[in-house]
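Okay, here's what each chain looks like letter by letter:
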Amino acid sequence: MAEKDEAKEKRKIKTVAKMKEIMTAYYIDAKTAGQTGKKVAWITSGGPVEPLIAMDVIPVYPENHGAMVGASKMGADLCGKAEAMGYSSDLCSYARADIACAPINGGPIGGLPRPDMLVCCNNICGTVMKWYEVQARFFKVPLFILDTPVCHTGFSAEAKRYVKGQINEYIAFLEKACGKRFDYDRIKEVGRLSVQGQRLWQEILDTAMNRPAPISAFDAFFHLALIVTLRGTQQTVDYYKMLLAEMRERVAAGIGAVPREKYRLLWDNLPVWYRTKWLSEKFASQDACLVADTYTSAWCGALRYVDENDFLGTMAECHTRIYLNIGVDVMARQVMEMADKYDVDGIVMHSNRSCKPYSFGQYDIQRIIREQKGLPTLMIEADMVDERNFSEGQIETRIDAFIEVLKGKN
Amino acid sequence: MTAIADRYLERVVCPAKHRGLTDRADYLVRLTRERQAQGVIFFLLKFCDPHAFDYPYLKEALDREGVPSLLLEVEDRLPADGQLRTRFEAFVEMIQ
Ligand code: SF4
């Protein structure tokens, strides 16, 4: 028994404590912004945060807050409250939870700090635009919308011009909201740190190419917070250096994320925030490790298009050509590339009731993968935050059946 | 061509697009006043997120005007005839 505990202890990621420290300090900073005179902007997860950092504005992510609501298992209650306010239960549960939190300072941290401005990029979905309109009316603050047309396969010159023009409008918007000039030197530095952070994040995820994988998707869901919220800061770079070093040590020592890694799987879609522990234990008990996922890797996808030396100039392309804003066939290709890269035995797809842009093409992607790669796929129907849409018995049966398929193949 | 473009720019904006924070509510209120409508029926197609997001604030705007409204959520196929009739009749009765 003692030995078992020791092994378990060894598998724990040590930098977790540091991460919690950073996130706590960040939220305290954001929540006390009213007293320190700093401005707060709410921004979507796919939005360009670097100009905010360059302007000393504290970025706050309602989607990250939504994830916290989910992880604290407060989703069903808050979503129910939004429904009582008249919002349909078919709407994204991040939006529902956040809309319900605002008037009552609800949720795990007693509500988000009041925004001075809202920055919304619709590259991830149309939901965020409607959601931010609701909040702009509620808080009576200016709203900036960065409109990124869907680019199925390429990025046309017209689309480029259109989005680039908006980046300039974004800067003008910030200058007005902050009452000061934009610092074009500072953005270069912030941009450099952002790219460095993204590269480190990619390297961390790539350590999972090793057998056994030192990090699982479940770990990545947790460590993701910094590349989303504090991208472009030195702190994020330092933290990921630490995490990368730890992952490399684990690789050298042969420490895996799960005790006996036999099956390597790829996860698609957002996590099921209120069930990450249950799911990770369930897969681990079957000797399966989720070695990669399409979700956390989205925050380094822009590395393909970024030019470090022209950060502002390439910002339009980086924010338009993201995973959720491309055609289904290109998505399928990217999933298959990941399947090869991480050498997986199967794919687990979370058909997420909340996130239509992520879930809509999944059945097509599943079919393409089956036809072109012959990889088995498992579809789990759930929701990232609203636990009323999670049926444990049914999901457990499906996972067990899927593992049987994998066993038969090996 | 210009006429087509104008039409797109000037029509009451579809909720999937953004134009101002209260454009649609302003329009709805203006229309109810102009036509002296005594009630409004919201016909919400299930899974149409943009309309579903707008419904609460549109209803609120009507409430402020003292205009009663009815919400009907429908799937791609309409519910049985009788069902709709009962709801409409109850609503009309309430208005009178
Ligand atoms: S619909 Fe999907 S992409 Fe949009 S906010 Fe919700 S979870 Fe995020």
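Scroll up to find the structure.
Keep in mind the model is a prediction, meaning the values are calculated, not measured.

Q: Before we move on, can you summarise the interface of chain B and chain A with the specific residues and values?
A: Each partner contributes residues to the interface: chain B has 17 residues there, and chain A has 20 residues. For the pair chain B and chain A, the two sides together bury roughly 1500 Å², of which 63% comes from carbon and sulfur. Counting across the interface, chain B meets chain A through 3 salt bridges. Among the ionic pairs, Lys130 of chain A bridges to Asp54 of chain B, the shortest N-O distance being 3.1 Å. Counting across the chain B and chain A interface gives 6 residue pairs in polar contact (both at pLDDT 80 or more).

Q: Describe the pattern of salt bridges, naming the residues involved and giving the relevant values.
A: When their charged atoms lie close together, side chains carrying opposite charge are able to pair. Per the stated rule, a full pass over the model turns up 37 salt bridges over all chains. Its salt-bridge partner being Glu404 of chain A, residue Lys407 of chain A comes within 3.4 Å of it at the nearest N-O pair. Highlighted residues: Lys407 of chain A and Glu404 of chain A, both in helix H19 (residues 392-409), separated by 3 residues, approximately one helical turn. The class of Lys407 of chain A is partly exposed, set by a relative accessible area of 39%. The partly exposed category is assigned to Glu404 of chain A, whose relative accessible area is 48%. Here Glu73 of chain B and Lys46 of chain B are joined by a salt bridge, their closest N and O atoms 4.0 Å apart. With a gap of 27 residues between them, Glu73 of chain B in strand S2 (residues 69-74) and Lys46 of chain B in the loop between strand S1 (40-45) and helix H3 (49-65) connect regions that are remote in the sequence. Among the charged side chains, a salt-bridge network with shared partners connects Glu83, Arg96, Asp386 and Arg388 of chain A.

Q: Tell me what's going on with the packing of aromatic side chains, and back it up with residues and numbers.
A: Residue and element names in this part refer to chain A. Counted under the stated rule, the structure contains 20 aromatic pairs over all chains. When the centroid spacing of 5.4 Å and the interplanar angle of 40° are considered together, the rings of Phe144 and Phe173 count as tilted. A residue pair is termed long-range when its members are at least 10 positions apart, and Phe144 in strand S4 (residues 143-146) and Phe173 in helix H9 (residues 157-178) qualify at 29 residues. Look at Phe144 and you get buried, because its relative accessible area is 7%. Seen in terms of ring centroids, Phe221 and Trp273 are 6.1 Å apart; in terms of plane orientation they differ by 65°. Their pairing is edge-to-face. Residue Phe221 is located in helix H11 (residues 217-223), and its partner Trp273 is located in the loop between strand S5 (263-268) and helix H14 (276-285); the two are separated by 52 residues in the primary sequence. As far as the burial class goes, Phe221 and Trp273 line up, both buried.

Q: Talk me through the pairing of S5 of chain A; I want residue IDs and the actual numbers.
A: All names here are of chain A. Among the 6 residues in S5, 6 count as buried, and that is most of the element. Both faces of S5 are covered, namely the face carrying Tyr263, Leu265 and Trp267 and the face carrying Arg264, Leu266 and Asp268. Sheet topology places S5 next to strand S6 (residues 288-293); 5 bridges connect them, and they run parallel. Residue pairing across strands places Tyr263 opposite Ala288, the latter belonging to S6.

Q: Give a detailed account of the nonpolar core, specifying residues and quantitative values.
A: Ranked by size, the top nonpolar core spans 155 residues in total, and within it Tyr94, Trp201, Tyr240, Phe283, Tyr295 and Val348 of chain A carry the most contacts. Counting residues per element, this core draws most heavily on helix H10 (residues 184-206) of chain A, at 8 residues. Among the nonpolar cores identified, the runner-up in size contains 11 residues, and Val29, Phe42, Tyr57 and Leu62 of chain B belong to it.

Definitions and limits used
- Residues numbered from 1 in each chain as written.
- Chains lettered and ligands numbered in written order.
- Predicted model: local features only at pLDDT ≥ 70, side-chain atom pairs only at ≥ 80, totals over all residues.
- Heavy atoms only, no water.
- Contact = heavy atoms within 4.5 Å.
- Buried area = accessible area lost by both parts, 1.4 Å probe.
- Salt bridge = Lys/Arg side-chain N within 4 Å of Asp/Glu carboxyl O.
- Polar contact = N/O pair within 3.5 Å; in protein donor to acceptor, adjacent residues only side chain to side chain.
- Helix = DSSP H or I, 4+ residues; strand = E, 2+ residues; numbered from the N terminus.
- Buried < 20%, exposed > 50% of the residue type's maximum accessible area, 1.4 Å probe, protein only.
- Phe/Tyr/Trp six-rings, centres within 6.5 Å; stacked < 30°, edge-to-face > 60°.
- Pairing = 2+ DSSP bridges.
- Core = buried A, V, L, I, M, F, W, Y, C linked by side-chain atoms within 4.5 Å.

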